Amino acid sequence: MKTAIIVSGGDAPGISAAIDSFTRLALQSGDQVLGAQGGFSGLLDNQLAEMDQSLVSLLAGRGGSILQSSRDPALEQPGARQLLGDVLRRREIDNLLLFGGDGTIRHLAPRLADWGASCIVLPATIDNDVAGTDYTLGHDSACNFALAAVDGIRATAHALPGRIFLLETLGAPSGHLALAIAYASGAHLALLPEYPLELNWLARRLRETVAREGYALVVCSEAYPDLSRLVDEIPRLTGIRVRFTTLGHAQRGADVSHRDRRVAREMSRVAWRAFKRGAANGVVIVRDGALALHDGILPSRTKAPPDRKLYEFVNQL
Ligand code: F6P
């Protein structure tokens, strides 16, 4: 059996660990594994090389992905189906192991299935916004990265009181990542794009929080509407200094947590077994704490908004 591994869209901590694990399972059974550099553009361009087990193992604990990804709409270009078929035939590839987030799962996996390419997807995105799975690889590591930032902010907030701290996380277009961080960190407020807050209400709440606790910590999603205006308006409305921290892409390249390393290895084992028993298309999902293969493609829908009750609890609404 020969499998080609492709990473599509935003990378996520844990992808390299999953590649390491899958490669080892395959090589130990005498099978072959190729890695595509540059996502689907690279695959169609035959940018494929045998995976080097010792190198992958060395880098398994790093964030990002040992195989480069791409956001190019390579499968939409005219002749893509033909190009894909040619590469798979020429390189004698039996199946594809694909890492990707919401866009990849909703748009690319169904196309590959339509074209008759055997493909199993491992949902990987820090955003945890894929409908049909409770968890996506990389989310835990990105949360931990943010929690370390919160701890740092709290230390300085305590030492020099009288300020409002806004911590911006990645995760657009959804607020799932920001809510997970806000809840676990005990932030005073979470600002999510799904539930915009009235500005004067927000200012009042922040003033009360600073008066009571000496500082206010707000975790906001990068997708919260008009965030930069908010950063200007809050000091004007509250008379309190605002300090803004953005985690940016450092969060996506976070160190890989224990949970993500474990999930990475379990996901690749599920995919490996599925290929071995002849599954053609599927997605490895997490439901109620257990990993399983969803046979076929997932229904194309956006994930439900972040848990309203949890949001209300965090924001004490
Ligand atoms: O992969 C998901 C994600 O990291 C989002 O959290 C973020 O909004 C986006 O990708 C950033 O994309 P890019 O790397 O293209 O700037």
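What counts, and where the lines are drawn
Residues numbered from 1 in each chain as written. Predicted model: local features only at pLDDT ≥ 70, side-chain atom pairs only at ≥ 80, totals over all residues. Heavy atoms only, no water. Helix = DSSP H or I, 4+ residues; strand = E, 2+ residues; numbered from the N terminus. Rg over C-alpha atoms; globule rule 2.2 N^0.38 Å. Buried < 20%, exposed > 50% of the residue type's maximum accessible area, 1.4 Å probe, protein only. Pairing = 2+ DSSP bridges. Axes fitted to C-alpha atoms, helices over the stretch in contact; angles between N-to-C directions. Contact = heavy atoms within 4.5 Å. Expected span 1.5 Å × (residues − 1). Polar contact = N/O pair within 3.5 Å; in protein donor to acceptor, adjacent residues only side chain to side chain. Parallel < 35°, antiparallel > 145°, perpendicular 65-115°, else oblique. Left-handed = near helix turned anticlockwise from the far one by under 90°. Salt bridge = Lys/Arg side-chain N within 4 Å of Asp/Glu carboxyl O. Near = heavy atom within 4 Å. Areas by Shrake-Rupley, 256 points an atom, 1.4 Å probe, with all protein chains shown as cover. Nonpolar A, V, L, I, M, F, W, Y, C, P; charged D, E, K, R; others polar.

Novice: Help me out: how do you make sense of the overall build of the chain in this one?
Specialist: A tally of regular secondary structure across the chain gives twelve helices and eleven strands. For 317 residues, the compact-globule formula gives about 20 Å, and the C-alpha radius of gyration of the chain, at 22 Å, lands near that figure. Projecting the C-alpha coordinates of the chain onto the three principal axes gives extents of approximately 65 × 35 × 35 Å. Among the 317 residues that make up the chain, the fraction classed as buried is 55%.

Novice: I would appreciate a short explanation of the sheet that holds strand β6 (residues 163-169) in the present structure.
Specialist: Hydrogen bonds along the backbone pair up the strands of a sheet, which may run parallel or antiparallel. In space, the four strands of this open sheet follow the order β7-β8-β6-β9, with parallel pairing throughout. Only two strands of the sheet have a single neighbouring strand rather than two, namely β7 (189-191) and β9 (241-246). Across this sheet, the average inter-strand angle for adjacent strands is 20°, counted without regard to direction. Bridging between β6 and β9 involves six bridges; their strand directions are parallel. When the bridges of β9 are listed, Phe165 appears paired with Arg243. Seen against the sheet, helix α8 (residues 199-213) touches β6, β7 and β8 (215-221) and runs at an angle of roughly 140° to β8.

Novice: What exactly am I supposed to notice about helix α9 (residues 227-238) here?
Specialist: Residues lying three or four places apart along an α-helix face the same way, a consequence of the helix completing one turn every 3.6 residues. If you check α9, its first and last C-alpha atoms are 16 Å apart, about what twelve residues at 1.5 Å a residue would give, namely 16 Å. Listed as buried for α9 are Leu227, Leu230, Val231, Glu233, Ile234 and Thr238. Backbone geometry just after α9 places Gly239 at a positive phi near 75°.

Novice: Teacher, can you tell me more about the side chain of Thr209 here?
Specialist: With respect to the secondary-structure elements, Thr209 resides in helix α8. In contact with Thr209, not counting residues within four places along its chain, are His188, Gly214, Tyr215 and Ala216.

Novice: Explain the environment of Ser57 to me, please; I cannot follow it from the model alone.
Specialist: For Ser57, the position within the fold is in helix α3 (residues 53-59). Residues Ser57 and Arg287, 230 residues apart in the sequence, show an inter-C-alpha distance of 28 Å. Look past the residues within four positions of Ser57 in its chain and what remains in contact with it is Asp20 and Arg24. A polar side-chain atom of Ser57 sits 2.8 Å from a polar atom in the side chain of Asp20.

Novice: Would you explain the packing of helix α1 (residues 15-28) against helix α11 (residues 258-276) in this entry?
Specialist: The description of two packed helices rests on the angle between their axes and on the distance between the axes. The geometry of α1 relative to α11 is characterised by a closest axis approach of 8 Å and an angle of 40° between their N-to-C directions. If you check the angle between α1 and α11, you find them oblique. Viewed along their axes, α1 and α11 form a crossing whose handedness is right-handed. For the pair formed by α1 and α11, the contact residues are Ala17, Ala18, Asp20, Ser21, Phe22, Arg24, Leu25 and Ala26 on the first element and Ala264, Arg265, Ser268, Arg269, Ala271, Trp272 and Phe275 on the second.

Novice: Would you mind going over the pattern of salt bridges with me for this structure?
Specialist: Side chains carrying opposite charge are able to pair once their charged atoms draw close together. One pass over the structure, following the stated rule, counts eleven salt bridges. The salt bridge partner of Asp11 is Arg252, with a shortest N-O separation of 3.3 Å. In this pair, Asp11 sits in the loop between β1 (2-7) and α1 while Arg252 sits in helix α10 (residues 248-252), placing the two residues 241 residues apart along the sequence. Two residues, Arg265 and Asp20, come together in a salt bridge whose shortest N-O distance is 3.0 Å. Residue Arg265 is located in helix α11, and its partner Asp20 is located in helix α1; the two are separated by 245 residues in the primary sequence.

Novice: Quick question: what am I supposed to make of the side chain of Ser257 here?
Specialist: Note on placement: Ser257 falls in the loop between α10 and α11. In this structure, Ser257 is in contact with Asp140, Ser141 and Asn144, ignoring residues within four places of it in sequence.

Novice: What is the right way to look at the packing of α8 against α9 in this model?
Specialist: Here α8 crosses α9 at 60°, and the two axes come no closer than 10 Å. Here α9 runs oblique to α8, going by the angle between their axes. Relative to α9, the crossing made by α8 is right-handed. On α9, the residues touching Leu199, Asn200, Leu202, Ala203, Leu206 and Arg207 of α8 are Arg229, Leu230, Glu233, Ile234, Leu237 and Thr238.

Novice: Looking at this structure, how should I read the site of the ligand?
Specialist: Close to the ligand lie Gly10, Arg71, Thr125, Asp127, Leu170, Gly171, Ala172, Glu222, His249 and Arg252, which account for all nearby residues. Taking 400 Å² as the accessible area of the ligand by itself, protein coverage stands at 73%. Residue composition of the shell around the ligand, by class: two nonpolar, four polar and four charged.

Novice: Could you clarify how one ought to interpret the sheet that holds strand β4 (residues 95-100) in this entry?
Specialist: Strand order in the open sheet formed by seven strands is β3-β2-β1-β4-β5-β10-β11, with mixed pairing between adjacent strands. Of all strands in the sheet, those bounded by a partner on one side alone are β3 (48-50) and β11 (290-295). Averaged over all pairs of adjacent strands, the angle between strand axes in this sheet comes to 25°, irrespective of strand direction. When β1 meets β4, the two strands line up parallel, connected through five bridges. Bridging across to β4, Ala4 finds its partner in Leu96. In this fold helix α5 (residues 102-114) packs onto β4, β5 (119-123) and β10 (281-287), with an angle of close to 170° to the strand it touches most, β4.

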